[in-house]
Amino acid sequence: MARSGSPPDTATGLVVALDGPASSGKSTVGEAAARALGYRFCDTGLLYRALAWLALERGVPLDDDERLVALVPELELADDGGGRFRRVRVGGRDVTDLVRGERVDRVVSEVARRPAVRAALLERQRALAAPGRIIMAGRDIGTVVLPDADLKLYLDASVEERARRRAAERGIAPDDPEAAAILADLRRRDAIDSGRAVAPLRIAADATVITTDGRRFEETVAAVVAAIRAAEARRRAARPRRRAAEPPAGDRGPRRRRRSPSRRPARDPARPGHLTLLIRLGAFGARLLARLLARVTVEGDLAGLPRQGPLVLAANHLSNLDGVVIGGWLTPALGRRIHWLAKKEMLAWPIAGRLLAMSSFHAVDRGTGDVEAFRTAQRILEAGNVLFVFPEGTRSRTGALGRAHDGLAALALRTDPPIVPLAVFGTERVWPRGRFPRPGGRVVLRVGTPFRLSELGLPGVGDRRLAKVAATEAIMARIGALLPEAYRGVYAAAVAALEAGQGRGPAPSPTDPDGGAGGISTAGVR
Ligand code: DC
């Protein structure tokens, strides 16, 4: 494949996600940066545009999922010979200029918001990125299509600036009524792209935002090139010795984020998720103990829990018995091991500490704490394993939900795993905080329906902090909804909003505290 520019060492080529709103310059900037770096490039918006255009041509209603999806195989992205996909063909005909017209502008967001359409285009985008060394531009590349991208960039500009640029491109004077219409149309498209239920436009938690207001095109390209070069250098620095041992570029298959071995904790969260005899015995022992102490009822669709891939189990926390019940029943239901985060002191206990370490308990030093817990949790999910989290971090003192840390939300915004909300209650009477167990009484474990944050259309685009607050509310509302009313605590309003059918909890409040020790928080995480 011919490439221009002078590529650095091919082994350091990255997968780069380049997201941003309509007319933020992603495709022109991305292509220019790709040329400068000798990278491939793909403008994924072309796929959605070409599909909308073809639907109009064929008279396919824009809400007819079945017929829309049937059109997808006819779309063909065209390589310019340098690995840059900036043109699209249908039936061998180059329709790029047609799909960029106003007629398509008006309807494309309607097509792109349809979950069936997005699902039909997902694998094609992933397959294109798999060989690596690519800049892929779109709306959801860093959040959904390539959540493991080596570098995520988000190109932003105010809607006024974007409208000005678009008007100038079309030779329209700023005071022309058509310029006002362009501004209104961009606002409308932003609202649809950001508000749709599936894969909304959102800044990935680990993205670098490049704001282009007042910047010349060349300056923006230079900023993107510099960000990619810096990420390549970081990777080279992080893997000095392993490179020689790696197979040559091109033989490496789909690219995964690789990390310096020195940053791995002693117990590797990436190890397989299968059940060992020890873990089976542990779960059996946990069920036995729980049954000795209480009558345990487990409710929910245990058979419907995902059997593979990354998964987060998130529960409220009332008692030491919570983890016993959850581990005891969910380990056999899942058929794979659950990874737990534990105080490092626990893993230092004689014998028991060793058994815990062998049972996928990961030591977290609460003194240096949060960043380490976050990274361990991230590696567990990146390896496709099951992570258990008490989002509140510690047992409730009141018996009702307390404020959750924002770490789980940050993690889930980054990796978008399915999250299973869990509620456990009655444990606070059987094994109260700070006391010995008091056998007798009933304990209930409720297993909710798995969901992904990307399905919820959460607010907070453009503001990481608001996105985390909204995501935390959404997770806690779903846990709270499984609890009896008296246990819903500070999330009672969020549960009420969820149950009233809003589906996303109340608007986030910027005054929400971040939380303190315990749990996972993102304080200090880049
Ligand atoms: O970037 P663009 O304006 O050419 O995108 C066209 C439409 O496709 C726009 O409505 C957003 C949508 N799109 C998307 O939803 N996801 C992508 N990855 C790329 C584009």
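Below you will find a few notes about this structure.

Scoring rules and cut-offs
Residues numbered from 1 in each chain as written. Predicted model: local features only at pLDDT ≥ 70, side-chain atom pairs only at ≥ 80, totals over all residues. Heavy atoms only, no water. Axes fitted to C-alpha atoms, helices over the stretch in contact; angles between N-to-C directions. Helix = DSSP H or I, 4+ residues; strand = E, 2+ residues; numbered from the N terminus. Parallel < 35°, antiparallel > 145°, perpendicular 65-115°, else oblique. Contact = heavy atoms within 4.5 Å. Nonpolar A, V, L, I, M, F, W, Y, C, P; charged D, E, K, R; others polar. Core = buried A, V, L, I, M, F, W, Y, C linked by side-chain atoms within 4.5 Å. Buried < 20%, exposed > 50% of the residue type's maximum accessible area, 1.4 Å probe, protein only. Near = heavy atom within 4 Å. Polar contact = N/O pair within 3.5 Å; in protein donor to acceptor, adjacent residues only side chain to side chain. Areas by Shrake-Rupley, 256 points an atom, 1.4 Å probe, with all protein chains shown as cover. Patch = residues over 30% accessible without salt bridge, like charges linked within 9 Å, V, L, I, M, F, W, Y side chains within 5 Å. Salt bridge = Lys/Arg side-chain N within 4 Å of Asp/Glu carboxyl O. Arc of directions from axis to C-beta. Phe/Tyr/Trp six-rings, centres within 6.5 Å; stacked < 30°, edge-to-face > 60°. Lys NZ or Arg CZ within 6 Å of the ring centre and 35° of its normal. Pairing = 2+ DSSP bridges.

Let us look at the packing of helix α17 (residues 407-415) against helix α19 (residues 464-480). Axis separation between α17 and α19 bottoms out at 8 Å; the angle between their running directions is 105°. Taken together, the axis directions place α17 and α19 in an arrangement best described as roughly perpendicular. Along its contact with α17, which presents L408, A409, A410 and L413, the element α19 presents A467, K468, A471, T472 and I475. Split by residue class, the contact of α17 with α19 holds seven nonpolar, one polar and one charged.

Core analysis: the biggest nonpolar cluster contains 41 residues, and L75, L77, M136 and L146 have the highest contact counts within it. Per-element accounting of this core gives the leading share, nine residues, to helix α2 (residues 45-58). When near neighbours in sequence (up to four residues on either side) are disregarded, L77 contacts C42, L46, L47, F85, R87, V88 and L128. Core analysis: the second largest hydrophobic core is formed by 39 residues, A377, I380, L482 and L483 among them.

Let us look at the site of the ligand. Among the 16 residues in the neighbourhood of the ligand, the closest are listed as R49, R118, R139, D140 and R196. Side-chain polar atom of D140 to a nitrogen atom of the ligand: 2.9 Å apart, as the coordinates give it. Interatomic distance of 3.0 Å between a side-chain N/O atom of R189 and an oxygen atom of the ligand. Against a free-state accessible area of 440 Å², the protein chains account for coverage of 96% of the ligand. Elements with a minimum of two residues in the shell around the ligand: α2, α5 (102-112) and α9 (177-195).

For the rest of this paragraph, the subject is a nonpolar patch on the surface. Taken together, the side chains of F284, L288 and L292 make up a nonpolar region of the molecular surface, amounting to roughly 340 Å² of accessible area. Within the element layout of this structure, L292 appears in helix α12 (residues 277-293).

Further remarks concern the pattern of salt bridges. When charged atoms on two side chains of opposite charge get close, those side chains can pair. All chains considered together, the criterion is met by 34 salt bridges. For R89, the salt bridge is made with E76, and the minimal N-O distance between the two is 3.4 Å. Linking R89 in strand β4 (residues 84-90) with E76 in strand β3 (residues 75-79), this pair joins segments that are 13 residues apart in sequence. The class of E76 is partly exposed, set by a relative accessible area of 34%. Note that R113 is salt-bridged to E110, the shortest N-O span being 3.5 Å. Several salt bridges converge on common partners, so that one network encompasses R49, E102, D105, R166, R170 and R189.

Here the focus is helix α20 (residues 492-499). Buried within α20 we find A494, V495, A497 and L498. With its buried residues spanning 160° around the axis, α20 presents them on a single face. Looking at the buried positions of α20, the neighbouring elements they touch are α19. Note on α20: the residue one or two positions beyond its end, G501, has a positive phi of about 100°.

For the structure on display, the rule yields four aromatic pairs. With a centroid separation of 4.7 Å and an interplanar angle of 85°, the aromatic rings of F388 and F390 are classed as edge-to-face. For the pair F388 and F390, a shared accessibility class is recorded, and that class is buried. Ring plane angle 45° and centroid distance 5.4 Å describe the contact between F425 and Y487, whose orientation is recorded as tilted. Note that F425 is positioned in strand β14 (residues 419-425) and Y487 in the loop between α19 and α20, a separation of 62 residues in sequence. Judged by relative accessible area, Y487 falls into the buried class, the value being 11%. An aromatic cluster of at least three residues, connected via ring pairs, comprises W340, F361, F388 and F390. Sitting over the face of the ring of Y491, R403 holds its NZ or CZ atom 5.2 Å from the ring centroid. Residue placement shows R478 over the ring face of F451; its charged tip is 5.1 Å from the ring centre.

Here seven strands make up an open sheet; going across it, the order is β9-β15-β14-β10-β13-β11-β12 and the pairing mixed. Since the sheet does not close on itself, it has two edges, and those belong to β9 (295-300) and β12 (361-364), each with one partner. Sheet twist, expressed as the mean angle between neighbouring strand axes with direction ignored, is 25°. Where β14 lies against strand β15 (residues 442-447), four bridges are found, and the strand directions are antiparallel.

Purely geometric numbers; function is a separate question.
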